[in-house]
Amino acid sequence: MSHASPALLSDIELAPGRPPILHTKSDGDAAGWAAEHRGALRAAVAEHGSLLVRGLGLDGPGVTEEVFRHMSSDRLLADREPFAPRRVYAEGVYSSSKWPANQPMCMHHELSYGLEFPGLLQYACLVAPEEGGATAVADSPTVLDALPAALVERFEREGWVLTRTYNDEIGASVAEAFGTDDRTAVENYCRTNAIEFAWQDDGSLRTRQHRSAVLHHPVTGRRCWFNQIAFLNEWTMDPEVREYLVDVYGSDGLPFNTRFGNGDPLDEGVVATINEVYDAHTLREPWHSGDLLLVDNIRTSHSREPFEGPREVLAALGEPVRLTDCAPTIEVRTA
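Residues numbered from 1 in each chain as written. Predicted model: local features only at pLDDT ≥ 70, side-chain atom pairs only at ≥ 80, totals over all residues. Heavy atoms only, no water.

## Considering a negative patch on the surface
Which entries qualify depends on this criterion: Patches here: salt-bridge-free residues with over 30% relative accessible area, like charges joined within 9 Å, nonpolar side chains (Val, Leu, Ile, Met, Phe, Trp, Tyr) joined within 5 Å. Method for areas: the Shrake-Rupley scheme with a 1.4 Å probe, in which residue coverage is limited to the protein chains shown. Whenever a carboxyl oxygen of Asp or Glu lies within 4 Å of a side-chain nitrogen of Lys or Arg, that contact is scored as a salt bridge. Within this scheme the basic residues Lys and Arg register as positive and the acidic residues Asp and Glu register as negative, but His and the chain ends are omitted. Just so you know, the charge point we use is NZ for Lys, CZ for Arg, CG for Asp and CD for Glu. The secondary structure listing takes helices from DSSP runs of H or I that are at least 4 residues long and strands from runs of E that are at least 2 residues long, numbered from the N terminus. Accessible area is worked out with a 1.4 Å probe on protein chains only. A residue is then buried under 20% of its type maximum, exposed over 50%, and partly exposed in between.
A cluster of acidic residues, Asp168, Glu169, Glu176, Asp181, Asp182, Asp201 and Asp202, forms a negative patch at the surface. As for its position among the elements, Glu169 is in the loop between β9 (160-166) and α6 (174-178). Judged by its relative accessible area of 60%, Glu169 is exposed.

And the structure:
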């Protein structure tokens, strides 16, 4: 192999505006390389919050799944309650979320509205786009410190609310989000996971979740801005898309929206402020085919930038973390 693990850590390239990057060679055995260096790679993610590994030559779902499983000490999680559908490659191995190529996926933390969420995200680029499409990252404690103190204090005190309307036309359907379209099973899932729900006359499902906006990292104890308040808000949408959706579904029937914890709507300025702070602290590096990106989902937010040309990025969600292990500021009660 090309590196011993201690040397591997010292080879990580740190540069302003870019995520930590490790250049390596797998000598045609990416899975074996990942297994040998797993401890060092995970230590790098613990130290920096993310790590881009370049040179592994990941070129297909099979070897990518092997690498994902070597890197995750626990099971790979099923993707429940996604905001957009994914293609399933293997158990726990997915495509990136299906989202219009010309629209950004703004900074967020994966499944931050769940009672259990991944501690480790893994992304593998099999086909890099011609232009754009980076999976950018931002350090959550840094973002938290840069946000207006009064805004943070309110969200820390009140939490945030996510409202969703599931239908078959846009976003993830009930079956895609919950793994079933059986109403009894969906209702049981919602009760178990502290999700308020109501079936509408047209058969669609509306849900409401009240969650903490600030958590403490389960290992380090650091306060982290951990939510999808800005990304899943109507004001982050393209204005024409927002206008169309409000016209078709009504302001209460949007596929997703977010509010202050007391139910007050968020104004455009609050959402813009959050996104501007994210932008100021974004680290980005264009994908190269074969790259592997590891992300501490609690410490680090991620985004997907608009792109042109084919783009194939596989994802895995690992190292499940319970909300109750992160000192949430809002009490969540399940049925």
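Still to come is the rest of the account.
## Focus on the environment of Thr192
Applied cut-off: Every residue pair with non-hydrogen atoms within 4.5 Å of one another is taken to be in contact. In the analysis that follows, any N or O atom pair within 3.5 Å is treated as a polar contact, provided that within protein one partner can donate a hydrogen and the other can accept it, and provided that, for residues neighboring in sequence, both atoms belong to side chains.
In this structure, Thr192 sits in helix α7 (residues 183-192). Aside from chain neighbours lying at most four places away, what touches Thr192 is Leu115 and Thr334. Only 2.9 Å separates the side chain of Thr192 from the backbone oxygen of Asn188, close enough to count as a polar contact.

## Some remarks on the pattern of salt bridges
With the rule as written, the count across this model stands at 20 salt bridges. The salt bridge involving Arg86 is made with Asp79; its shortest N-O contact spans 2.8 Å. Notably, a salt bridge pairs Arg322 with Asp325, separated by 3.2 Å at the nearest N-O pair.

## Section: helix α2 (residues 30-48)
Going by this rule: Every helix has an expected span of 1.5 Å times one less than the residues it contains. By definition, a residue's bend is the angle between the axes fitted to the seven residues ending there and the seven starting there.
The end-to-end C-alpha separation of α2 is 22 Å, well short of the 27 Å expected for 19 residues at 1.5 Å each. Along its length, α2 reaches its greatest deviation from straightness, about 65°, at His37. Taken as a whole, α2 has its buried residues at Ala30, Ala31, Trp33, Ala34, His37, Ala40, Leu41, Ala44 and Val45. Of the residues flanking the end of α2, it is Gly49, one or two places downstream, whose phi is positive at about 95°.

## What about unusual backbone geometry?
Despite not being glycine, Leu111 has its phi angle at roughly 55°, a positive value. You can see Leu111 is positioned in the loop between β5 (105-108) and β6 (116-127). Despite not being glycine, Glu319 has its phi angle at roughly 55°, a positive value. Relative to the elements of secondary structure, Glu319 occurs in strand β19 (residues 312-322).

## With respect to the sheet that holds strand β17 (residues 300-304)
Here is the rule we go by: Pairing between strands requires that DSSP locate at least two bridges from one strand to the other.
Sheet architecture is open: four strands sit in the order β5-β17-β8-β15, paired in antiparallel fashion. Edge strands, defined here as strands with exactly one partner in the open sheet, are β5 and β15 (282-283). When strand β8 (residues 137-139) meets β15, the two strands line up antiparallel, connected through two bridges. Along β15, the bridge assignment pairs Ala138 with Thr282.

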